[in-house]
Structure formats: structure tokens, C-alpha cells
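What follows is each chain in one-letter form.
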Amino acid sequence: ESRQELISRPAPESWNPGSIWVFVLLDAHGEIVRSLTFRITDRPADSCLAGDWRVLETLAERPPRDPMFQGKPAYEISGSAIQIDLAANLCDNSYPLRGKLSERGVGGEHGTETMWGGETIGTVYGAPVVQ
């Protein structure tokens, strides 16, 4: 599906302020490299990227990031297209997760981006936590 097709579909109701989602990042070989648990907010986020970015509250992250890393996660949705940047407040280095959002979850890719280019590292899957 193209990004335009995803944008034309409404965002699912499961993605809403206060909901909790778990994301699993896999490398190119299908090995888990990181897991993240976020609470969705509707608070505006500081981001160097264009768009309507909102804060993600990190509830858990394995393995934990280096405490010196100052990147703050944020998201932007357009219809059922989602972007999450694990370092939205850092202008020269971003760590994007991009995918398709549905009631069942998120599927997409993650990687790195700098002003010199970027690379796709692997796939990402996310799902809402039933509360």
C-alpha cells in the first residue's frame, strides 16, 4: 500500500491518548534488538521535523538506553500511516519507525537518519496492551 492510501484511511480507535502500546524492533535477521512500551499522549512534542508531532511517554525499554542519550520519542499519524521518532527532539540524528497502523497493531520498518542519509535496520511491530 502506498503512503497516500494509508493517509486516506482513518486512524484506528485503539491509538488514543492514554492507551499503552508495546513495540518490538527486529534486525535484518529477524532477531529482537529492542522492545519499547509507550503511553500515547496528545501533548505537542518538540521536533525538528515538519508535522503534528505528539509526545510518547516511555514506560519500559529493553535494553535500556544510555542515560546520556537525550533523545525523546514522539509520534505523528496521518490517517493510518504512523511515524515514531525515538529522538524527535534531536535535529541531526533521528531514529524513525514508520508503518501501517490498524486496530490489531503496527507493522513497518525502523532505521536511522542523519543529514547525510540513513539506513533501514529492520522491521518493527507494535500492538496495543489490553487494559
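Only a predicted model underlies this, so the values are computations on that prediction, with no experimental measurement involved.

(A) Spatial organisation of the pairing of strand S2 (residues 32-44). Relative to S2, strand S1 (residues 20-26) runs antiparallel, the two being bridged by 7 bridges. In the sheet register, Val22 faces S2, and the bridge partner there is Thr37. Between S1 and the antiparallel strand that follows it, S2, lie 5 residues; Gly30 among them carries a positive phi value of about 85°. With 7 bridges joining them, S2 and strand S3 (residues 54-62) adopt antiparallel strand pairing.

(B) Summary view of the nonpolar core. Core analysis: the largest hydrophobic core is formed by 16 residues, its most contacted members being Trp15, Trp21, Phe23, Leu56 and Ile84. Mapped by element, the contributors of at least two residues to this core are S1, S2, strand S5 (81-85) and strand S7 (96-101). In this structure Leu56 touches Trp15, Phe38, Arg39, Ile40, Pro73, Ala74, Tyr75 and Ile84, once residues within four positions along its chain are discounted.

(C) Summary view of the pattern of salt bridges. Applying the stated criterion across every chain, the model contains 5 salt bridges. For Glu61, the salt bridge identified is with Arg65, shortest N-O distance 2.9 Å. The class for Glu61 is buried, based on a relative accessible area of 10%. Residue classification places Arg65 among the partly exposed positions, given a relative accessible area of 22%. Because the salt bridges share partners, they merge into one network encompassing Arg34, Glu61 and Arg65.

(D) The arrangement of the packing of aromatic side chains in detail. Across all of its chains, the model carries 4 aromatic pairs by this definition. A ring pair is formed by Phe23 and Phe38, whose centres lie 5.9 Å apart and whose planes are at 55°; its orientation type is tilted. Highlighted residues: Phe23 in strand S1 and Phe38 in strand S2, separated in sequence by 15 residues. Like Phe23, the residue Phe38 is buried in the burial classification.

(E) The arrangement of the pairing of S3 in detail. The pairing of S3 with strand S4 (residues 74-78) spans 2 bridges and is classified as antiparallel. If you follow Val55 over to S4, its bridge partner there is Ala74.

How each quantity is defined
Residues numbered from 1 in each chain as written. Predicted model: local features only at pLDDT ≥ 70, side-chain atom pairs only at ≥ 80, totals over all residues. Heavy atoms only, no water. Pairing = 2+ DSSP bridges. Helix = DSSP H or I, 4+ residues; strand = E, 2+ residues; numbered from the N terminus. Core = buried A, V, L, I, M, F, W, Y, C linked by side-chain atoms within 4.5 Å. Buried < 20%, exposed > 50% of the residue type's maximum accessible area, 1.4 Å probe, protein only. Contact = heavy atoms within 4.5 Å. Salt bridge = Lys/Arg side-chain N within 4 Å of Asp/Glu carboxyl O. Phe/Tyr/Trp six-rings, centres within 6.5 Å; stacked < 30°, edge-to-face > 60°.

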